Amino acid sequence: MAHTKISIVPTSNDTILKFEADRFLTNHNSFEFSNIDDAKHSPLAQQLFYLPFVKKVYIASNFIAIERYNIVEWKDVQDEVAAQIEDYLSKDGLVVSEEAIKPKAAVTIYAESTPNPGVLKFVCNKVLVPNIYEFTSIEEAKPSPLATALFQFPFVKNVFMEKNFISITKFDIIEWEDITLQLREFLKSYVEDGKTILNDDAPKQLKKTEEAIEQKFEALDDTSKNIVNILEEYIKPAVESDGGNIEFKSYDATTKKVEVLLQGACSGCPSSTFTLKNGIETMLKDMLNDNSITVDAING
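Residues numbered from 1 in each chain as written. Predicted model: local features only at pLDDT ≥ 70, side-chain atom pairs only at ≥ 80, totals over all residues. Heavy atoms only, no water.

## Digging into the nonpolar core
Definition in use: Throughout, nonpolar core names a set of buried Ala, Val, Leu, Ile, Met, Phe, Trp, Tyr and Cys residues whose side chains join them through atoms within 4.5 Å. Accessible area is worked out with a 1.4 Å probe on protein chains only. A residue is then buried under 20% of its type maximum, exposed over 50%, and partly exposed in between. By the criteria applied, helices consist of DSSP H or I runs no shorter than four residues and strands consist of E runs no shorter than two, each listed in order from the N terminus. Any two residues whose heavy atoms approach within 4.5 Å at even a single point are treated as in contact.
Judged by nonpolar contacts, the single largest core of 30 residues is most densely connected at Leu150, Met161, Ile166, Ile168 and Leu183. Where this core is concerned, the elements lending two or more residues are strand E7 (119-124), strand E8 (133-135), helix H4 (145-150), strand E9 (156-162), strand E10 (165-170) and helix H5 (176-192). With residues up to four places along the chain from it excluded, the contact list for Ile168 reads Gly118, Val119, Leu120, Phe122, Leu150, Val156, Asn158, Trp176, Leu183 and Leu187. Judged by nonpolar contacts, the second largest core, of 28 residues, contains Val57, Val77, Tyr88 and Val96.

Structure follows, in structure tokens:
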């Protein structure tokens, strides 16, 4: 276990101090951490964040730079910090894990208009969620840290997630041209940073596991199963391309009434509600050979 010597080096910014090591710390990579969660792949940086005055930690080839809050002066704490870093490194403490060194996968997000002027679809080049999730309030969004973060924007009314896209419904107080870039950059950064989109227990909590979906389907009567299959094969693909979803709710064998739930871009759009309702009704009548069928489309 070789002893590592740390030298204190001032910088042009009096809130930032460099702690220079007499050996290489990283494989010519540089890292910046803004908080203890951000530093999950650097045990050294996490340890430093336990110091109440540490605002940011930078780790480069042979030094650690720390930005402080103004609650202390460096002259009062720098020797203690240098000794802590020196002790940690001399005991062969891990600086950054291999996970941190891995290059980030390139993430692209582009915005796509939908038939609903109040909804914009943000498409990603990677899968985001395994199933369909819709959140209409920050309270509902607890199982999804990403949806919760989106609801922090005052103009976000609804968040709909499916596979590789997120449809966002806005309030009418603002125009898309004023917020599209902001949302796109936020989503790109969030996904690139590998932040949690759904909590691990979200599928179970919201009954979205494959098992739960299968059990729900098997509990249906034969006509309802046929309706679900028709919706899945003939309606959903077109609806998904418009940033929405249609979900079977119920079928009444007595009244021949079918209820479907419109989600994402389909919800709250009068023209799409009318078009979908009539289109689904016509298709079901034809494919089930029953002209008595009616469809009631409910907005999610």
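## Thoughts on the pairing of strand E12 (residues 257-264)
So the rule is basically this: Here a strand pair is declared whenever DSSP counts at least two bridges between the two strands.
The buried fraction of E12 amounts to six of the eight residues, a majority that puts the element mostly inside the structure. Sheet topology note: the strand E11 (residues 244-252)/E12 ladder contains eight bridges and is antiparallel. By the bridge assignment for E12, Phe248 is matched with Val260. Counting the residues that bridge the hairpin from E11 to E12 gives four residues, and of these Lys256 lies at a positive phi of roughly 60°. Bridging between E12 and strand E13 (residues 294-299) involves six bridges; their strand directions are parallel. Opposite Glu259, over in E13, you have Asp296 as the bridge partner.

## Thoughts on a negative patch on the surface
Quick reminder of the rule: Patch criteria: residues need more than 30% relative accessible area and no salt bridge. Like-charged residues are merged within 9 Å; nonpolar side chains of Val, Leu, Ile, Met, Phe, Trp and Tyr are merged within 5 Å. Throughout, the Shrake-Rupley method with a 1.4 Å probe supplies accessible areas, and for residues the shown protein chains are the sole cover considered. One speaks of a salt bridge when a side-chain nitrogen belonging to Lys or Arg is within 4 Å of a carboxyl oxygen belonging to Asp or Glu. Charged residues are defined here as Lys and Arg on the positive side and Asp and Glu on the negative side; His and the ends of the chain fall outside this count. In plain terms, the charge of a residue is placed at NZ if it is Lys, CZ if Arg, CG if Asp and CD if Glu.
Residues Asp172, Glu175, Glu177 and Asp178 make up a contiguous surface patch of negative charge. On the secondary structure map, Glu175 appears in the loop between E10 and H5.

## Structural notes on the sheet that holds E12
As a reminder, the rule being used: Here, axes are lines fitted to C-alpha atoms. For helices the fit covers the stretch in contact, and angles between N-to-C directions go from 0 to 180 degrees.
Taken together, the three strands give an open sheet; going across it, the order is E11-E12-E13, and neighbouring strands pair in mixed fashion. Each edge of the open sheet carries a strand with a single partner, namely E11 and E13. This sheet shows a mean twist of 25° between the axes of neighbouring strands, independent of strand direction. Against the sheet, helix H8 (residues 222-241) contacts E11 and E12, and its axis sits at roughly 165° relative to E11.

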